[in-house]
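This is what each chain is made of:
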2 protein chains.
Amino acid sequence: MELWYTEYQTKNLGLAARIKETLYSGKSKFQEVAVVEAYEFGRMLVLDGVFQTSIFDEFIYHEMIAHVPLFVHPDPKTVLVIGGGDGGTIREVVKHQSVEVAEMVEIDGLVVEVSKKYLPEISSALNENHPKLQLKIGDGIKHMQEVENKYDVIIVDCSDPIGPGKGLFTHEFYQNVHKALKLDGLFVQQTESPFYHQQLIQQLTADITSMFPITRLYLANIPLYPGGLHCFTIGSKKYDPLSIDIGRIPENLNTRYYNRELQKSCFALPNFVKKLVR
Amino acid sequence: MELWYTEYQTKNLGLAARIKETLYSGKSKFQEVAVVEAYEFGRMLVLDGVFQTSIFDEFIYHEMIAHVPLFVHPDPKTVLVIGGGDGGTIREVVKHQSVEVAEMVEIDGLVVEVSKKYLPEISSALNENHPKLQLKIGDGIKHMQEVENKYDVIIVDCSDPIGPGKGLFTHEFYQNVHKALKLDGLFVQQTESPFYHQQLIQQLTADITSMFPITRLYLANIPLYPGGLHCFTIGSKKYDPLSIDIGRIPENLNTRYYNRELQKSCFALPNFVKKLVR
């Protein structure tokens, strides 16, 4: 018998995946957590019914959310990941030689536990307790209220702006991120789909632009997400992604998507996306 | 009652669209032809159950398959579109001032007829009988066998390599395209998904590379197609897409996706795609 699961990307559009097996299904204080194995995507983490990451294409999201900002900053030593409980982003962060401390603040301990057990390829840095890693289960919003002038780079690896992720798209949150960054720090956040979240992108771009001298949006191609095209927004106090010398980026990075040509080209926006950030 | 249609992108993955209305359903000698109105994608052309083009995102495919090659060539006068019966590609082609003759050879007259009636935004150049347009209903494969040294640019705007489109991905076809082009001509073809058609892309890249001194693959983001990321391959006798001076491309082109930054950046390939064309 063929079993299928359809994720409703909008109320009129779904991505239907044939499922081999449900490996885990449970509930935390914050959300429903599941791991399924799909025939096409492989093992997938699903939160509140929404596909978060899959073995098939996770390399794209994790490489692009980590390496692009970490190579904009000339010497990132202290990095924070907010969210990212599956461990994929921190796995990429710790690869950077300059990084000495890779902090993670994830609100849902169940996501970390389940990823360590069922998605070891993604959570490898968590499982091996990487020496650079400082993992804290707690509220990233609260953490941003409490720290000041601490981080070179902050990566906001959050889920959608509903449920636990909602407060990570507010003016107040961005102000606290600004405060938590050092004088020349920068942050990046996944900022959803340029097809299906246009108002959100316009709003957060305006917010971030009001606080940071440099605001840039870049793109990556992620089959698992609505529309297959995904935005990331950088707010930077000093370094401009468009002005960096890509000659200082190593060539053989052992990455499956990211390379130094993409470091620049991912900021070249189609006209309909340019309109959103004008 | 909510009615849904699921297009099976692979046998284990589907794109499910909620449908408002079926506007046309029929059959030609070659394929089943339908036009439906989906809530998310708007009016869509569907051939043999596969989504071909939609009002929502057609601008992306049509701008990228037409403008990228037409701006690689310094002075394209005589252009041929093989396929493209919906009219979207030729609509973009005739916008180029240098173009004097825009020929179209589409095998299925029903596709042209249905697009003119139900997708007028896409088929506008067909409906207005644009003065540059020379439309012929016939077999593009046969046409390539019969002509020599005629075209500056050939655009192969075909459907998938099953059904009528199958013969447009063969070594023999590429040889005939080479013959049909002028001494400094170039062609482009839509070459499917870098996620789901990897063997095909490797094979056709090898074929085209064996005949043309310059072979380049570029990418565009098309939500309607599997994986949301789509390939286009250029075979060129003289002009290299990577070497053109984008300064000669106008800035205000009235396009919704294409712009001159993309003319270069669309050739920057993620590592997993680079591997396919090595």
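Residues numbered from 1 in each chain as written. Chains lettered and ligands numbered in written order. Predicted model: local features only at pLDDT ≥ 70, side-chain atom pairs only at ≥ 80, totals over all residues. Heavy atoms only, no water.

## Describing the overall build of chain A
Test applied: Segments assigned H or I by DSSP are reported as helices when at least four residues long, segments assigned E as strands when at least two residues long, and all are numbered from the N terminus. Each radius of gyration is computed over the set of C-alpha atoms, and the globule rule expresses the reference value as 2.2 Å times the number of residues to the power 0.38. Each residue gets one of three labels from its accessible area relative to the maximum for its type: buried under 20%, exposed over 50%, partly exposed in between, using a 1.4 Å probe on protein chains only. Between two residues, a contact is recorded if the distance between any of their heavy atoms is within 4.5 Å. Method for areas: the Shrake-Rupley scheme with a 1.4 Å probe, in which residue coverage is limited to the protein chains shown. His is not counted here, nor are the chain ends, while Lys and Arg score as positive and Asp and Glu score as negative. A single reference atom marks each charge: NZ on Lys, CZ on Arg, CG on Asp, CD on Glu.
Looking only at helices and strands, one finds nine helices and twelve strands in chain A. The C-alpha atoms of chain A give a radius of gyration of 18 Å, which matches the 19 Å a tight globule of 278 residues would have. Counting only C-alpha atoms, chain A reaches 55 × 45 × 40 Å along its principal axes. When each of the 278 residues of chain A is scored for burial, the buried share is 63%. In chain A, the share of contacts with a sequence separation of at least 24, taken over all contacts with a separation of at least 6, comes to 66%. As presented, chain A carries roughly 11,000 Å² of accessible surface, and 48% of it is formed by carbon and sulfur atoms. Positive and negative side-chain charges of chain A, numbering 28 and 34 respectively, have mean locations separated by a distance of 4 Å.

## A closer look at the relation of the copies chain A and chain B
Our working definition: Here the copies are superposed with least squares, the fitted atoms being C-alpha atoms of residues at a pLDDT of at least 70 in both.
Least-squares fitting of chain A to chain B yields an RMSD of 0.0 Å, with the superposition described by an axial translation of 0.0 Å and a rotation of 180 degrees. What the rotation and shift describe, once combined, is the action of a two-fold rotation axis. Every residue of chain A has its C-alpha some distance from the rotation axis, and the shortest such distance is that of Gly 228 of chain A, at 2.1 Å. Mapped onto chain B, 100% of the interface residues of chain A are again interface residues, and the two copies thus contact each other with one and the same surface.

## Digging into the pattern of salt bridges
Residues and elements named next belong to chain B. The following threshold applies: Take a side-chain nitrogen of Lys or Arg and a carboxyl oxygen of Asp or Glu: if they are within 4 Å of each other, that pair is a salt bridge.
With the rule as written, the count across this model stands at 26 salt bridges over all chains. A salt bridge links Asp 240 to Arg 216; the nearest nitrogen and oxygen atoms lie 2.7 Å apart. Within this pair, whereas Asp 240 is found in the loop between strand 12 (229-236) and helix 8 (260-265), its partner Arg 216 is found in strand 11 (residues 214-221), the two being separated by 24 residues in sequence. The class for Arg 216 is partly exposed, based on a relative accessible area of 27%.

## Some details on the packing of helix 6 (residues 171-180) of chain A against helix 7 (residues 198-211) of chain A
All names here are of chain A. Note the threshold: What counts as an axis is a line fitted to C-alpha atoms, over the stretch in contact for a helix, and the angles between N-to-C directions run from 0 to 180 degrees. In this scheme, a crossing is called left-handed if the near helix is turned counterclockwise away from the far one by less than a right angle; it is called right-handed if the turn is clockwise. Under this grouping Gly is polar, as are all residues other than the nonpolar Ala, Val, Leu, Ile, Met, Phe, Trp, Tyr, Cys and Pro and the charged Asp, Glu, Lys and Arg.
At a minimum axis separation of 10 Å, helix 6 and helix 7 run at an interaxial angle of 35 degrees. Helix 7 is crossed by helix 6, and the crossing has right-handed handedness. Taken together, the residues of helix 7 that come into contact with helix 6 (itself represented by His 171, Tyr 174, Gln 175 and His 178) are Leu 204, Asp 207, Ile 208, Ser 210 and Met 211. A class-by-class count of the residues in the contact of helix 6 with helix 7 yields four nonpolar, four polar and one charged.

## Focus: the sheet that holds strand 8 (residues 133-137) of chain B
All names here are of chain B. The line we're drawing: A pair of strands is considered paired only if DSSP assigns at least 2 bridges between the two.
Taken in spatial order, the seven strands of this open sheet run 8-7-6-9-10-12-11, and their pairing is mixed. At either end of the open sheet lies a strand with only one pairing partner, and these are strand 8 and strand 11. Within the sheet, the average angular offset between the axes of one strand and its neighbour, ignoring direction, is 15 degrees. As defined by bridge partners, strand 9 (residues 151-157) adjoins strand 10 (residues 181-190) across five bridges and the pair is classed as parallel. Across the sheet, residue Val 153 finds its bridge partner in strand 10, namely Leu 186.

## Some points on unusual backbone geometry
Residue and element names in this part refer to chain A. In this structure, Asn 129 is a non-glycine residue whose phi angle is positive, near 50 degrees. As for its position among the elements, Asn 129 is in the loop between helix 4 (124-127) and strand 8 (133-137). Exposure remark for Asn 129: the relative accessible area of 58% places this residue in the exposed category.

## Considerations on the confidence of the model for chain A
Where we set the bar: Every residue gets a pLDDT, meaning the predictor's confidence in that residue, from 0 to 100.
Looking at chain A as a whole, its pLDDT mean stands at 97, while 100% of the residues score no less than 70. Scored as a complex, the prediction yields pTM 0.97 and ipTM 0.97.

## Focus on the sheet that holds strand 11 (residues 214-221) of chain A
Residues and elements named next belong to chain A. The sheet built from seven strands is open, its strands ordered 8-7-6-9-10-12-11 with mixed pairing. The two strands at the open ends of the sheet, each matched to only one other strand, are strand 8 and strand 11. Ignoring strand direction, the axes of neighbouring strands in this sheet form an average angle of 15 degrees. Summarising the sheet, strand 6 (residues 78-83) and strand 9 (residues 151-157) pair through five bridges and their orientation is parallel. Across the sheet, residue Val 79 finds its bridge partner in strand 9, namely Val 153.

## Brief notes about the interface of chain A and chain B
The interface of chain A with chain B comprises 38 residues on the first partner and 38 residues on the second. Seen at the junction of chain A and chain B, the total is two salt bridges. The salt bridge involving Lys 274 of chain A is made with Glu 261 of chain B; its shortest N-O contact spans 2.8 Å. If you list the elements that add at least two residues to the side of chain A that touches chain B, you get strand 1 (3-10), strand 2 (13-27), helix 1 (58-72), helix 8 (260-265) and helix 9 (271-277) of chain A. If you tally residues by element for the side of chain A that touches chain B, the top one is strand 2 of chain A, at six residues. When grouped by side-chain class, the residues that make up the side of chain A that touches chain B number 22 nonpolar, ten polar and six charged.

## Remarks on the domain arrangement of chain A
Residues and elements named next belong to chain A. Test applied: Segmentation of the chain into domains, including their bounds, is taken from an automatic or database domain assignment. A quick way to say it: buried area is the sum, across both parts, of accessible area lost when two parts are put together, with a 1.4 Å probe. Polar contact is defined as a pair of N or O atoms within 3.5 Å, subject to the rule that within protein one atom must be able to donate a hydrogen and the other to accept it, and that residues adjacent in sequence are counted only when both atoms are side-chain atoms.
On domain assignment, one finds that chain A holds domain 1 (3-54) and domain 2 (58-277). For domain 1 versus domain 2, the separation of C-alpha centres amounts to 23 Å. In this complex, domain 1 contributes 23 residues to the contact, which on the side of domain 2 involves 23 residues. Interface of domain 1 and domain 2: buried area, both sides summed, is about 2,000 Å²; carbon and sulfur atoms make up 66% of it. Among the residues domain 1 hides against domain 2, the three largest losses belong to Phe 30, Arg 43 and Thr 53. Together they make up 26% of the total. In this assembly, domain 1 and domain 2 are joined by one salt bridge. Glu 121 is the salt-bridge partner of Arg 43, the closest N and O atoms lying 2.6 Å from each other. On inspection of domain 1 and its partner domain 2, the count reaches six residue pairs in polar contact (both at pLDDT 80 or more). Contributions of two or more residues to the side of domain 1 that touches domain 2 are made by strand 1, strand 2, strand 3 (32-38), strand 4 (42-47) and strand 5 (50-54).

## A word on the UniProt feature "binding site: S-methyl-5'-thioadenosine" (unreviewed entry) in chain A
Residues and elements named next belong to chain A. This is how the line gets drawn: UniProt positions are given in the numbering used here, feature names are shortened, and annotations may be inferred rather than shown by experiment.
In the numbering used here, UniProt assigns the feature "binding site: S-methyl-5'-thioadenosine" (unreviewed entry) to Gln 31, Glu 106, Asp 139, Gly 140 and Pro 164. For Gly 140, a relative accessible area of 7% puts it in the buried group. Each residue touching Gly 140, except ones within four places of it in the same chain, is listed here: Ile 82, Val 105 and Phe 173. Structurally, the position occupied by Pro 164 is in the loop between strand 9 and helix 6. Setting aside residues up to four positions removed in sequence, Pro 164 forms contacts with Phe 30, Gln 31 and Ile 107.

## What about the environment of Phe 232 of chain B?
Residues and elements named next belong to chain B. As for its placement among the helices and strands, Phe 232 is situated in strand 12. For Phe 232, a relative accessible area of 0% corresponds to the buried category. Between the alpha carbons of Phe 232 and Ser 193 there is a distance of 9.4 Å; along the sequence they are 39 residues apart. Once you skip the residues sitting within four places of it in the chain, Phe 232 turns out to touch Tyr 61, Ile 65, Val 188, Gln 189, Gln 190, Thr 191, Arg 216, Leu 217, Tyr 218, Ala 220 and Ile 222.

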